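Now for the letters of each chain:
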Amino acid sequence: MKLLVVDTETSGLDVCTAEILEIAVAQVDLDNGSAELLINTLVRPKTPVCDLSGCWFLQHCGLPPADFEAAPTLEYLKADLQALFDAHPLTSYNTSFDIVLLTRHGLTRRHIWPCIMLAAKDVLKLHGKYDWKYPKLDEAWRYFYPGAAPDGEHRAGYDALRAARVAYALYKRGTWKS
């Protein structure tokens, strides 16, 4: 069975106002764990990049504004994204952000799997202030793949692939299902 894992990098943390600056869709085969990127692209925001200079992602990605200005718009990418979302189940590491954000931008989904982060929370059992805390993707990655490649850049493609492999690890344990 093939599962899609989407990750976005955005202009902010408010799902109601954030613009998508980068999007990646990874596909993981839940039978064998193989994962590949199907889409991995910058997205040209509606707001001029110079007006988003305070955005964390733009400050840390190391890319010049011209790269975003030359990127395709989300409107241009929608048909390809929608075709993938119609063909396969979909999830993300943080569905309450990524999936809601995509829905706000007019992308619909056929079948959503549970949030990877929520499933990982009950497996990793990292202490929080009152309860188990929501693990960061890096924490889940290190738990399931100790000794694997060190943390990489915080980019959509990298995060989508790692989230896909964490999803596979949860699925293989039998602790996470649709």
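No experiment lies behind these values; they were computed from the predicted model shown. (Residues numbered from 1 in each chain as written. Predicted model: local features only at pLDDT ≥ 70, side-chain atom pairs only at ≥ 80, totals over all residues. Heavy atoms only, no water.)

A. Structural detail: the overall build of the protein. Counting its secondary structure elements, the protein contains 7 helices and 4 strands. When the helices and strands of the protein are listed from N to C terminus, the series reads β-β-β-α-α-α-β-α-α-α-α. The C-alpha atoms of the protein give a radius of gyration of 16 Å, which matches the 16 Å a tight globule of 178 residues would have. With the C-alpha coordinates of the protein rotated into their principal frame, the extents come out at 45 × 35 × 30 Å. For the protein, the accessible surface area stands at approximately 9100 Å², while carbon and sulfur atoms represent 53% of it. Side-chain charges in the protein split into 19 positive and 22 negative, and the spacing between the mean points of these groups amounts to 7 Å. (Helix = DSSP H or I, 4+ residues; strand = E, 2+ residues; numbered from the N terminus. Rg over C-alpha atoms; globule rule 2.2 N^0.38 Å. Areas by Shrake-Rupley, 256 points an atom, 1.4 Å probe, with all protein chains shown as cover. Lys, Arg positive; Asp, Glu negative; His and termini not counted. Charge placed at Lys NZ, Arg CZ, Asp CG, Glu CD.)

B. A look at the packing of aromatic side chains. Enumeration over the complete set of coordinates arrives at 4 aromatic pairs. Ring centres of Trp113 and Tyr171 lie 6.0 Å apart, and the angle between their planes is 45°; this geometry places the pair in the tilted category. Of this pair, Trp113 sits in the loop between helix H4 (95–104) and helix H5 (116–124) while Tyr171 sits in helix H7 (residues 156–173), placing them 58 residues apart in sequence. We classify Tyr171 as partly exposed; its relative accessible area is 29%. On the numbers, 4.9 Å between centres and 85° between planes, the contact of Tyr143 with Phe144 is edge-to-face. The class for Tyr143 is partly exposed, based on a relative accessible area of 38%. Residue classification places Phe144 among the buried residues on the basis of a relative accessible area of 14%. (Phe/Tyr/Trp six-rings, centres within 6.5 Å; stacked < 30°, edge-to-face > 60°. Buried < 20%, exposed > 50% of the residue type's maximum accessible area, 1.4 Å probe, protein only.)

C. Representation of the pairing of strand S2 (residues 20–29). Counted residue by residue, S2 has 10 buried out of 10 residues, so it is predominantly covered. In terms of strand pairing, strand S1 (residues 2–10) meets S2 through 9 bridges, oriented antiparallel. Paired with Glu9 across the bridge in S2 is Glu22. Alignment of S2 against strand S3 (residues 35–42), held across 7 bridges, turns out to be antiparallel. Paired with Ala24 across the two strands is Asn40, which belongs to S3. Taken together, S2 and the strand that follows it, S3, pair antiparallel across an intervening segment of 5 residues, in which Gly33 is found at a positive phi of about 85°. (Pairing = 2+ DSSP bridges.)

D. The arrangement of the state of the cysteines in detail. Applying the stated criterion across every chain yields a total of 0 disulfides. Sulfur of Cys50: no disulfide; nearest cysteine sulfur belongs to Cys55 and is 13 Å away. Summary of cysteine pairing: Cys61 is not part of a disulfide, and the nearest cysteine sulfur, belonging to Cys55, is at 7.9 Å. (Disulfide = S-S within 2.5 Å.)

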